[in-house]
2 protein chains.
Amino acid sequence: MKLRNFVVLMLFSSIGEFAFAQGFVQTQASPSGKIVLHFQLSAQGIPSYRIDFLGKPIIAPSKLGLFLESGQLNQGFKLIQNSSTTFDESWQPVWGEVASIRNHYNELKVKLENTTGQVEITFRVFDDGIGFRYGLLGKAGQTGELSVMEEQSEFAMTGDHTAWWQPGDWDSNEHTYTTSPISKIDGRVYLKETSISTQFIPDYRACQTPIAMRTTTGVHLAIHEAALVNFPAMQLNVNPATRTFTAFLVPGAALWRKAIVPVGFQTPWRVVLISPDAPGLLASKLILNLNEPCKIADVSWIKPTKYVGIWWEMHLGKSTWDYGGTQTGQSAQGSTGHGRHGATTANTQKYIDFAAEHGFNGVLVEGWNTGWEDWFGKWKEDVFDFQTPYPDYDLKGLAKYSLERGAPIIVHHETSGSATGYEKHIDKAFDLMQSLDLHAIKSGYVGRIIPKGEWHDGQWMINHYNRVLEKAAAKKIMVDAHEPVRPTGLHRTYPNFLASEATRGNEFNAWSVGNPPEHETILPFTRGLGGPIDYTPGVFNIKFSEYKPSPNEYQVHTTLAKQLALYVTLYSPLQMAADLPEHYQKHLDAFQFIKDVAVDWDDTRILAAAIGDFIVTARKAKGSPNWFLGAITDELARAQSVKLSFLPAGKTFVATIYEDAPDAHWKNNPTAYRIRKVEVNSTSVLTLKLAAGGGAAVSLLPKE
Amino acid sequence: MKLRNFVVLMLFSSIGEFAFAQGFVQTQASPSGKIVLHFQLSAQGIPSYRIDFLGKPIIAPSKLGLFLESGQLNQGFKLIQNSSTTFDESWQPVWGEVASIRNHYNELKVKLENTTGQVEITFRVFDDGIGFRYGLLGKAGQTGELSVMEEQSEFAMTGDHTAWWQPGDWDSNEHTYTTSPISKIDGRVYLKETSISTQFIPDYRACQTPIAMRTTTGVHLAIHEAALVNFPAMQLNVNPATRTFTAFLVPGAALWRKAIVPVGFQTPWRVVLISPDAPGLLASKLILNLNEPCKIADVSWIKPTKYVGIWWEMHLGKSTWDYGGTQTGQSAQGSTGHGRHGATTANTQKYIDFAAEHGFNGVLVEGWNTGWEDWFGKWKEDVFDFQTPYPDYDLKGLAKYSLERGAPIIVHHETSGSATGYEKHIDKAFDLMQSLDLHAIKSGYVGRIIPKGEWHDGQWMINHYNRVLEKAAAKKIMVDAHEPVRPTGLHRTYPNFLASEATRGNEFNAWSVGNPPEHETILPFTRGLGGPIDYTPGVFNIKFSEYKPSPNEYQVHTTLAKQLALYVTLYSPLQMAADLPEHYQKHLDAFQFIKDVAVDWDDTRILAAAIGDFIVTARKAKGSPNWFLGAITDELARAQSVKLSFLPAGKTFVATIYEDAPDAHWKNNPTAYRIRKVEVNSTSVLTLKLAAGGGAAVSLLPKE
């Protein structure tokens, strides 16, 4: 399935290497030489690195190391060995933003030893950033396990860059982003917002990754990790005086014993993305490249999916998750329920029919299984068995019907945070799915974690999420995880991992202060760097006042046209059309874009972007000549000139432009849109007028 | 019992008050005018304060406020009312460092209101610092409870002062102190030391209170709190760029809902001590003055106590806590036990006899009750019942014998962190003590807290510690709490609260890297500001190599003479002579000082001190003409000239000087001491030569 073309050159050379009395210095340039890594071992045996970009430091000297329970791995080192390698490969993802990805880097390995043991640091230097990781080799002859107390990797910034950040929450990524200088990062601003039921921010000077930054000269940076396996998530502590970030590992119930790993363990990759501009950050495939190749032999059953489902109606309060009739999106926020179960046989048939009629290939059904009366906020281990349907839900009949109509049911596995509760039943639950020929789940981790004492982002839970992915792969099940740790590119290795939430999704607009118009212009530069987002766009009934007590303070902070554009600007192989069928029926002309838009791509072009301001993205549908373009803005109206030079030369396309009406405005007039068609070619320039909080979506189909 | 002389003047005056368009400013000076508080409400309704000391800012403008779950109490305020008061009272503590304490302050109250409710901030301005607290008054007519998410009190320093600090551990105060500029506070240095079994430091930029500081001009500062009741302990987040500390409340199992308090609740006092020199910090009684007066009507049964006990021998590994024979101080650290139970009837009788012979009035017995086989590190709720003795321990007979010999048993109540386990049995356990006529407990909280999810310093545990104090008071039981929250002057209100550990006590020298020689020169300026420390000094057998595997890496980091001096320099009404009787038998001449020294005082003089370097303290025994003097140093040898001008003029005293021998040294020769007697009077000057890690103790008894 994968055509690989790779060259490995082992260079035990002395390029840039010079040792002297005060220590040891080794440099490693990226393939083009744009980025140069400087590794140094000081006279005290302290390892550090520096990164230059285009000849100037972009990461100032930054220490490296870890603390084991058995001793320090951050000083007193002597150099044992060093080697350089170059690597160049192109590989084809099972699904993705582009058809082929080049993995081209120069690697430097340094093996160090002190009284605590050996550590091997591997640096991979790409043209768009670097990754490094630690191999914890132990002492000579050591076997068994190592207890990791902390990591001390530093990321010293060269100035007080503008940063887009979320606070260092151990349980949630569902915060809005704050834009501030690094020195002003302070999680206390998040005290105002209590709509995230499970959150914990013990350190106000910590932030999550991915974090995006921009220097005064316009260089863009992001820090994240890749291939998070058997280790806690990394957060960053901020020193506002030195603008230095230092790694912080999220604890679990063992508290300061943050990770127990075998001798020989390789940590996840620590990643710094570097780009001369904002679009370059979005185009980077570095994080994917640092993940292991696909481990699934037969991937024929993995299908990018566009789906509808029984979900938003609970958030609106129209129906309930539970049969008993109290679990609406509102009851979670304290108001009373309506007593109308959403996942009935009839309602599910309605959604299946709607999906089939409009070409969707998935139908999510939430609230189909028993347990919902007992789930919210109770911190209870045994809630769901993931097998027993409510009496008004015809499990087998609906599965069969959905398959017949080409829109198979996506099975909802909400755990209410009880990972042990899920693991008790997961084998039988997956067997049940296999027997029904259903191949997709949406999992959920709303609530405090069980085992008690664990947090969403600690080592135990990281291993749980990955166990679920592996089990699902073995049973040919695709996974859309909600409320898990934020992704780190593992979908390269497990392409059944279609998408995850791990973000402040569209749902927050239903019952909280919601997501400001700038939110979606930040997401791809932060959370999106780690993997696809199941953001659930496509809400047409933006103010939904018929479902809410009057006066309704809630709405989606968007125009209708922007909701369409999100299908292009927010990449995911799994995209929901979140709204209710009856709301789409009122705007079938606009709905056509959601029907047309692809969810898998041969090519992607980030045409223009400024973090927190606007994004214009064009993508070519996989195996098709069709292109789709999305443009979104924040709370400010903008006009975007878009050159269509990405189109094949000499070919005429019909552009269908779904755009904000001249009087559209996210707050005052969100559903005012217009649709026009023009013929264009690769020399055309489109001018898209985006309303405040608005956007534009364009389908570009070859004429004829 | 208490002779009070107080004057209350209500001043609804306009002293220093001037309101203008941009807000409201009110100043309040201390009685002498040395310290001036400036309160300001900005045009945005943000409250803040500033403190001037001798005409210059010592606390820069610092914001005030809290976050409730229901809204912000930190901005948008309007002024409702303000008033000033002066207060002057002298009160006599049941026991203490001085016989009478003057409580003299000027008070400013400001009542503010915003959309979240009313808050009343009370400032008390003393000549040695200030205290402030918040009254959470709620909205008009509001009843019920308020959920406090965070406090935002700031303490903005005017420079990068030298600070003596411990990391922001939610479970332990058992760390060494680090001396660094404020900007360098970083808890990662504590990763090296893993000998504290229950610790949790989620934020490396946080530190505990009390924290002591010194400015470049020699002004000394400390930040702490007073009267911690029904609220979490306050820690301080540090911004190294601005040198601003901000309050951080320790969470409990409810995580970000850090405190649930009734409408009308008054928070604990936030305290800034200010002194022109180091001795002034130690002399301050401000924290006691901010606590409520004694709530115990009959205090006749409360007795300052000097005790010996079955304890250090377990730390040495000579005997075990448990009957089964595995629970030594070593087994806690991983080595195997010796199988010799310490708390036998015969051994206890030996200690009682030793105590009686040498004039001690208490004998601690640890390991007397069943459960120890099951306690360590198991995080188990039901471990001890605090009532059932081991079969080799004659509970009733020993209680009777200890009373007959005048050295009543101090009953050990180790909870192993299971507060709920303790509360299940506490009433019966206290009844048992009453039936035995025993009136003192040493409680312990080693291990992770139960209820699981709680930390030692969260609101639930604060309420537990205080419940135990109140229950004990009702049953006429004195309390010495180990591993609780650090004290905040509550012993004024509950003088049955004799002492607590909440520090890195002498025991760490038995099985860890121990306490550096400077440790005891820092303790009184930090942990000691909150209340008496049960530090357990008096170890004569300093290297104890006969008990440890050879080569023995452990020792107390002290000279023998310094161990004597600690009975004076480390204030407590409860002092142990920690070593074994057989070790005292070898140095009965030096032991005489421990026998003579008082544990309750009429007067105290801090004669010289530099934090982290040395302390020289003299105290006059309660109701006696005898004075005792202690001088200690850090790892540097020093000569201290001590003027005895505190002695009554014209009276001759016999000074017995217990001092380091000329060749003494804490590491090389710790037990080299000499004793000399000289006649002195108030014009005399003693020169005390302190060895490296050494000290000197002097008893000053009237001639004839």
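The rules we used
- Residues numbered from 1 in each chain as written.
- Chains lettered and ligands numbered in written order.
- Predicted model: local features only at pLDDT ≥ 70, side-chain atom pairs only at ≥ 80, totals over all residues.
- Heavy atoms only, no water.
- Axes fitted to C-alpha atoms, helices over the stretch in contact; angles between N-to-C directions.
- Helix = DSSP H or I, 4+ residues; strand = E, 2+ residues; numbered from the N terminus.
- Parallel < 35°, antiparallel > 145°, perpendicular 65-115°, else oblique.
- Contact = heavy atoms within 4.5 Å.
- Nonpolar A, V, L, I, M, F, W, Y, C, P; charged D, E, K, R; others polar.
- Phe/Tyr/Trp six-rings, centres within 6.5 Å; stacked < 30°, edge-to-face > 60°.
- Buried < 20%, exposed > 50% of the residue type's maximum accessible area, 1.4 Å probe, protein only.
- Lys NZ or Arg CZ within 6 Å of the ring centre and 35° of its normal.
- Salt bridge = Lys/Arg side-chain N within 4 Å of Asp/Glu carboxyl O.
- Pairing = 2+ DSSP bridges.
- UniProt positions renumbered as here; feature names shortened; annotations may be inferred.
- Buried area = accessible area lost by both parts, 1.4 Å probe.
- Polar contact = N/O pair within 3.5 Å; in protein donor to acceptor, adjacent residues only side chain to side chain.
- Least-squares fit on C-alpha atoms with pLDDT ≥ 70 in both.
- Arc of directions from axis to C-beta.

Caption draft 1: Spotlight on the packing of helix α4 (residues 345–358) of chain A against helix α5 (residues 395–404) of chain A. All names here are of chain A. Close contact between α4 and α5 brings their axes to 10 Å; oriented N to C, the two are set at 10°. One way to sum up the angle between α4 and α5 is to call them roughly parallel. Along the contact surface, α4 presents Thr345, Thr348, Gln349, Ile352 and Asp353, while α5 presents Leu398, Tyr401 and Ser402. Broken down by class, the residue content of the contact of α4 with α5 amounts to three nonpolar, four polar and one charged.

Caption draft 2: Expanded view of the packing of aromatic side chains. Scanning the entire structure with this criterion turns up 78 aromatic pairs over all chains. Relative to Phe628 of chain B, the ring of Trp601 of chain B has its centre 6.1 Å away and its plane inclined at 70°; by these criteria the two rings are edge-to-face. Here Trp601 of chain B is found in strand β32 (residues 601–610), whereas its partner Phe628 of chain B is found in strand β34 (residues 627–633), with 27 residues between them in sequence. Residues Trp601 of chain B and Phe628 of chain B agree in their burial class; the two are buried. Within the aromatic cluster, the residues linked to one another by ring pairs are Trp170, Phe200, Tyr204, Phe248 and Trp455 of chain A together with Trp170, Phe200, Tyr204, Phe248 and Trp455 of chain B. The residue whose ring lies beneath Arg257 of chain A is Trp256 of chain A, and the NZ or CZ to ring-centre distance is 4.3 Å. Taking the ring centre of Trp91 of chain B as reference, the NZ or CZ of Arg492 of chain B above it sits at 3.8 Å.

Caption draft 3: Summary view of the pattern of salt bridges. All told, the structure shown has 72 salt bridges over all chains when counted by the stated rule. Between Arg270 of chain B and Glu151 of chain B there is a salt bridge, and its shortest N-O distance comes to 2.7 Å. Taken as a pair, Arg270 of chain B in strand β24 (residues 269–275) and Glu151 of chain B in strand β13 (residues 145–151) lie far apart in primary sequence, 119 residues in all. Glu151 of chain B sits in the buried class, given a relative accessible area of 0%. The network of salt bridges with shared partners includes Glu151, Glu225, Arg270 and Arg486 of chain A.

Caption draft 4: Quick look at the sheet that holds strand β22 (residues 259–262) of chain A. Residue and element names in this part refer to chain A. The antiparallel open sheet is built from four strands, whose spatial order is β8-β7-β13-β22. Edge positions in the sheet fall to β8 (71–73) and β22, since each has one partner strand and no second. Between one strand and the next, the sheet's axes are offset by a mean angle of 35°, whatever the strand orientation. Bridging between strand β7 (residues 66–68) and strand β13 (residues 145–151) involves three bridges; their strand directions are antiparallel. Along β13, the bridge assignment pairs Phe67 with Glu150.

Caption draft 5: Summary view of the UniProt feature "domain: Glycosyl-hydrolase 97 N-terminal" (unreviewed entry) in chain A. UniProt feature "domain: Glycosyl-hydrolase 97 N-terminal" (unreviewed entry): in the numbering of this structure it lies at residues 29–293 of chain A. Within residues 29–293 of chain A, the helical portion is 4% and the strand portion 51%, while the C-alpha atoms at the span's ends are 24 Å from each other.

Caption draft 6: View of the interface of chain A and chain B. Tallying the contact residues gives 34 residues for chain A and 35 residues for chain B. Here chain A meets chain B over a buried area of about 3,100 Å², counting both sides, of which 62% is carbon and sulfur. Contact with chain B buries area across many residues of chain A, yet Arg188, Leu191 and Trp256 of chain A alone supply 19% of it, more than any other trio. At the surface where chain A touches chain B, the tally comes to zero salt bridges. Taken together, the links from chain A to chain B amount to six residue pairs in polar contact (both at pLDDT 80 or more). Those elements giving two or more residues to the side of chain A that touches chain B turn out to be β13, β20 (234–239) and β21 (244–249) of chain A. When residues in the side of chain A that touches chain B are grouped by element, the largest group, three residues, is from β21 of chain A.

Caption draft 7: Here's a closer look at the relation of the copies chain A and chain B. Under the fitted operation, chain A is carried onto chain B by 0.0 Å of movement along the axis and a turn of 180°, and the coordinates agree to an RMSD of 0.0 Å. In the structure described here, the two chain copies are related by an operation that fits a two-fold rotation axis. Within chain A, Ala241 of chain A has its C-alpha nearest the rotation axis, a separation of 2.0 Å. By residue overlap, the copies meet face to face through one surface: 100% of the interface positions of chain A are interface positions in chain B.

Caption draft 8: Examining the sheet that holds strand β28 (residues 440–444) of chain A more closely. Residues and elements named next belong to chain A. Strands sit in the order β30-β29-β28-β27-β26-β25-β31 across an open sheet of seven strands; the sheet is parallel. Two strands bound the open sheet, and with one partner strand each, they are β30 (497–500) and β31 (574–576). The mean inter-strand angle of the sheet, taken between neighbouring strand axes irrespective of direction, is 25°. The pairing of strand β29 (residues 478–482) with β30 spans three bridges and is parallel. Residue pairing for β30: Val479 is matched across the bridge by Phe497.

Caption draft 9: Region of the structure containing the pairing of strand β4 (residues 35–41) of chain B. Residues and elements named next belong to chain B. Of all the seven residues making up β4, six are buried; the element is thus mostly covered by neighbouring parts of the structure. For strand β3 (residues 23–29) and β4, the ladder comprises six bridges, and the chain directions are antiparallel. Each residue of the ladder has a partner; that of Gln26, found in β4, is Phe39. Between β3 and the antiparallel strand that follows it, β4, lie five residues; Gly33 among them carries a positive phi value of about 85°. In sequence, β4 turns back onto strand β5 (residues 47–53) through a hairpin of five residues, with Gly45 there showing a positive phi of about 75°.

Caption draft 10: Highlighting helix α5 (residues 395–404) of chain B. All names here are of chain B. Looking at α5, one finds that the buried residues are Leu395, Leu398, Ala399 and Ser402. Along the long axis of α5, the arc covered by the buried residues comes to 105°, so they all point the same way. Among the exposed residues of α5, those oriented more than 90 degrees off its buried face are Lys396, Lys400 and Glu404. Along its buried surface, α5 packs onto α4 (345–358), β27 (409–414) and α6 (419–436). Looking one or two residues beyond α5, the residue adopting positive phi is Gly406, at roughly 75°.

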